[in-house]
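# Structural description and commentary
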Amino acid sequence: MKIHEKYMTRCIQLAKNGLGTTYPNPLVGSVIVYNKTIIGEGWHYKAGQPHAEVNAISAVRQTNYLNDSTIYVSLEPCSHFGKTPPCADLIVNSGIKKVVIGSLDPNPQVAGRGIKKLIEAGCQVIVGVLEDKCNLLNKRFFSFHQKKRPYIILKWAQTADGFIAPKETTRKETKPVWITNEFSRQLVHKMRSEEQAILVGTNTVLQDNPSLTVRDWTGENPTRIVLDRQLKISRDASVFDANSKTIVFSEKDSENLENVIFERIDFSKEIPQQICAVLFQKNIQSVIIEGGAKTLQTFIDANLWDEAFVFKGNNAFIEGVKAPVFTGEIISEHKITNNMLYIFKNPHS
């Protein structure tokens, strides 16, 4: 089993190269091993492009070795026709007789059918190698298919004395007021490039006019999601520019624009649950809840969050808007020069 874990670890490493670009598809890596030597490897780059198994098999130069090779793949090979042909069929047709799989695909279109097809074709199949790590790799994909909602990441920055914003009067005099340093802010942009959407409330847009894009990092801009109950936000706000698509949740009807979609919900009840239902319908697998305090607390109180990224600066406001109150299990902490980043997971999600 140790030898299998070695090659599955490589599959996971390869799969991570696709973080932020494969949505709505999962992250998948694959290697082909002949006589204890990797002769081909690949990962899934982007939806609509070849899957990891296709890239791995295509990378093999001496195809006569395939009959005696083992293919490792971090997620069960697909068995259905989508934008690309079934990978299970490709494996069988390539002549590979042994397949080692990390985790089962939770997508109902696959869900064991890929393994069944391989076994029926005479392949030897081993399942569950580094399964927990393979599941964690695709935490967004699994959450989407198993919980019928996006993977939810809370993110905020707070001062040493526990505030996420100064008093309104101070804010107008010194705008913008940064709690974290430039390196922490760059890391936030990296986070944005890895997730499919980012969500903020009305006050955050009115006070900060954020663009919610990836400016200090290379990658795709996330879909912007704005809560605007009364449609108070000006159409000139940065969240409505052409840099990315925007979804606005309101209790009022409004005509959609070229890159702005308006969704009507009932703000008097279960706001996070309604938002999650709409995002699931729109095939959005992950979202960063970036503010403000009221919006963050609403998701916390509904227990609709999976991870929380809490940046802590070394400055103090004395008074202002308090940071959200939550209970989480800390999984890591990182020093970013004079800042700290604490990452929590929700033990009850």
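A few points on the structure. This structure is a prediction, so every number in the text was calculated from the model and none was measured.

## Details of the sheet that holds strand E15 (residues 329–336)
- Here we have nine strands laid out as an open sheet, ordered E11-E10-E9-E8-E12-E6-E13-E16-E15, and mixed in their pairing. Since the sheet does not close on itself, it has two edges, and those belong to strand E11 (260–264) and E15, each with one partner. Strand-to-strand twist of the sheet, defined as the mean angle between neighbouring strand axes without regard to direction, takes the value 20 degrees.
- Two elements, strand E8 (residues 197–200) and strand E9 (residues 223–227), share four bridges in a ladder whose sense is parallel. Across the sheet, Ala 197 pairs through a bridge with Thr 223, a residue of E9.
- Of the strands in this sheet, strand E6 (151–158), E8, E9, strand E10 (246–250) and E11 touch helix H10 (residues 271–281), which is tilted by about 145 degrees from E10.

## Notes on the pattern of salt bridges
- Counting across every chain of the model gives 16 salt bridges.
- Measuring nitrogen to oxygen at the nearest pair gives 3.6 Å for the salt bridge that ties Lys 167 to Glu 319. Taken together, the positions of Lys 167 in the loop between strand E7 (163–166) and helix H7 (168–174) and Glu 319 in the loop between strand E13 (307–312) and strand E14 (320–322) put the pair 152 residues apart, joining distant regions of the chain.
- Judged by relative accessible area, Lys 167 falls into the partly exposed class, the value being 36%.

## Topic: the pairing of strand E5 (residues 124–127)
- Two elements, strand E4 (residues 98–103) and E5, share four bridges in a ladder whose sense is parallel. From the neighbouring strand, Lys 98 faces E5, where its bridge partner is Gln 124.
- Crossover connection from E4 via helix H4 (residues 113–120) to parallel E5: handedness right-handed.

## Section: the packing of aromatic side chains
- Applying the stated criterion across every chain yields a total of seven aromatic pairs.
- Consider the rings of Tyr 34 and Tyr 65, whose centres lie 4.1 Å apart with planes at 5 degrees: the pair is stacked. A residue pair is termed long-range when its members are at least 10 positions apart, and Tyr 34 in strand E1 (residues 29–34) and Tyr 65 in the loop between helix H2 (52–58) and strand E3 (70–75) qualify at 31 residues.
- When the centroid spacing of 5.0 Å and the interplanar angle of 85 degrees are considered together, the rings of Trp 43 and Tyr 45 count as edge-to-face.

## Quick notes on H10
- By the burial criterion, the buried members of H10 are Ile 271, Pro 272, Ile 275, Cys 276, Val 278 and Leu 279. The arc enclosing the buried residues of H10, seen along the axis, measures out at 165 degrees, which places them on a common side.
- At its buried positions, H10 is contacted by E6, E8, E9, E10, E11 and helix H11 (293–301).
- Looking one or two residues beyond H10, the residue adopting positive phi is Asn 283, at roughly 65 degrees.

What counts, and at which threshold
- Residues numbered from 1 in each chain as written.
- Predicted model: local features only at pLDDT ≥ 70, side-chain atom pairs only at ≥ 80, totals over all residues.
- Heavy atoms only, no water.
- Pairing = 2+ DSSP bridges.
- Helix = DSSP H or I, 4+ residues; strand = E, 2+ residues; numbered from the N terminus.
- Axes fitted to C-alpha atoms, helices over the stretch in contact; angles between N-to-C directions.
- Contact = heavy atoms within 4.5 Å.
- Salt bridge = Lys/Arg side-chain N within 4 Å of Asp/Glu carboxyl O.
- Buried < 20%, exposed > 50% of the residue type's maximum accessible area, 1.4 Å probe, protein only.
- Right-handed = clockwise from strand over helix to strand, strands pointing away.
- Phe/Tyr/Trp six-rings, centres within 6.5 Å; stacked < 30°, edge-to-face > 60°.
- Arc of directions from axis to C-beta.

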